[in-house]
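Here's the letter readout for the chains.
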Amino acid sequence: GQAIYTVYGHLDETYVYRGQHVEGGEALGVIGMTGKTSGPHVHFEVRVGDTTFFATRNPELWISPPQGWGVLVGRVSDAGGKKLPQVKAKIVHQETRKVYETITYAVGSVHSS
């Protein structure tokens, strides 16, 4: 029941306006390097319930994966429930035994739900 906000930062030009409905594949602007950045890119955020940085959630959870792919969501924590930042993790597919390697998020890089 909360509002969802998306933020596209560092654009050189913006083609859409606040509150405009957009569809997948629609151009929103031109990649840029406005503000504090190390190079041209688009910074995408999803915010829930508020427009502040502290309402930011993991944007990967809001993007549909390519067909045939999926998204695995989890939390890596110690026995006391404290999140473990920047820890290497291996995920093994139970049927194929294929191993996927990842690294958990850094402290402050993304907010959990």
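Figured I'd write up the structure that's included with this text. Throughout this document, residue positions are counted from 1 along each chain, in the order its sequence is written. For a predicted model such as this one, the threshold for reporting local features is a pLDDT of at least 70, and the threshold for listing and counting side-chain atom pairs is 80 or more; totals across whole chains, interfaces and linings nevertheless cover every residue. Side-chain calculation: all heavy atoms of the structure are included, whereas hydrogens and water are not.

A helix here means a DSSP run of H or I that spans at least four residues, while a strand means a run of E at least two residues long, and both kinds are numbered starting from the N terminus. Following the sequence through the fold, T56 ends up in strand β5 (residues 56-57). A polar contact is formed between the side chain of T56 and the backbone oxygen of F53, at a distance of 2.6 Å. For this analysis, a polar contact is any N or O atom pair within 3.5 Å, provided that within protein one partner can donate a hydrogen and the other can accept it, and provided that sequence-adjacent residues contribute only side-chain to side-chain pairs.

Another point: a nonpolar patch on the surface. Exposure above 30% relative accessible area and the lack of any salt bridge qualify a residue for a patch; like charges then connect within 9 Å, and the nonpolar side chains Val, Leu, Ile, Met, Phe, Trp and Tyr within 5 Å. Surface accessibility in these figures is a Shrake-Rupley result with a 1.4 Å probe; residues are shielded only by whichever protein chains are displayed. The salt bridge criterion pairs a side-chain nitrogen of Lys or Arg with a carboxyl oxygen of Asp or Glu, the two atoms within 4 Å. Where nonpolar side chains cluster on the molecular surface, the patch consists of I4, L61, W62, I63, V71 and V73 and spans about 570 Å² of accessible area. The classification of residues rests on relative accessible area computed with a 1.4 Å probe and restricted to protein chains. Under 20% of the type maximum is buried, over 50% is exposed, and intermediate values are partly exposed. Accessibility expressed as a relative area gives 46% for W62, which makes it partly exposed.

In this section: the packing of aromatic side chains. The criterion for an aromatic pair is that two Phe, Tyr or Trp rings (for Trp, the six-membered ring) have centres within 6.5 Å, with stacked assigned to planes under 30 degrees apart, edge-to-face to planes over 60 apart and tilted to the rest. Counted under the stated rule, the structure contains two aromatic pairs. Consider the rings of Y8 and F44, whose centres lie 5.0 Å apart with planes at 35°: the pair is tilted. Of the two residues, Y8 sits in strand β1 (residues 4-9) while F44 sits in strand β4 (residues 43-48), which places them 36 residues apart along the sequence. We classify F44 as partly exposed; its relative accessible area is 24%. Between the aromatic rings of F53 and F54, the centroid separation amounts to 5.4 Å while the plane-to-plane angle is 80°, which identifies the pairing as edge-to-face. Residue F53 is classed as partly exposed on the basis of its relative accessible area of 38%. The class of F54 is exposed, set by a relative accessible area of 66%.

What follows deals with the pairing of strand β7 (residues 99-103). Here strand β6 (residues 88-92) runs beside β7; their pairing, made up of five bridges, is antiparallel. Each bridged residue has a counterpart across the sheet, and for I91 the counterpart in β7 is Y100. Following β6, the chain reverses through six residues before pairing antiparallel with β7; R97 in that reversal takes a positive phi of roughly 65°. Strand pairing is assigned whenever DSSP detects at least two bridges linking the two strands.

This part is about the sheet that holds β5. In a beta sheet, neighbouring strands are held together by backbone hydrogen bonds and run either parallel or antiparallel to one another. Read across the sheet, three strands follow the order β1-β4-β5 without closing on themselves; strand pairing throughout is antiparallel. Edge positions in the open sheet fall to β1 and β5, since each of these has one partner strand only. In this sheet, β4 lies alongside β1 in antiparallel orientation, the contact comprising six bridges. Pairing of Y8 across the sheet is with F44, part of β4.

What follows is about unusual backbone geometry. Trans peptide bonds make up the majority, and among non-glycine residues the majority have a negative phi. With a phi close to 75°, H10 is a non-glycine residue in the positive phi region. Within the secondary structure layout, H10 lies in the loop between β1 and β2 (13-14). Using a relative accessible area of 18% as the deciding quantity, one classes H10 as buried. Positioned with a positive phi, Q86 is a non-glycine residue whose angle comes to about 50°. Secondary-structure assignment places Q86 in the loop between β5 and β6. Look at Q86 and you get exposed, because its relative accessible area is 58%.

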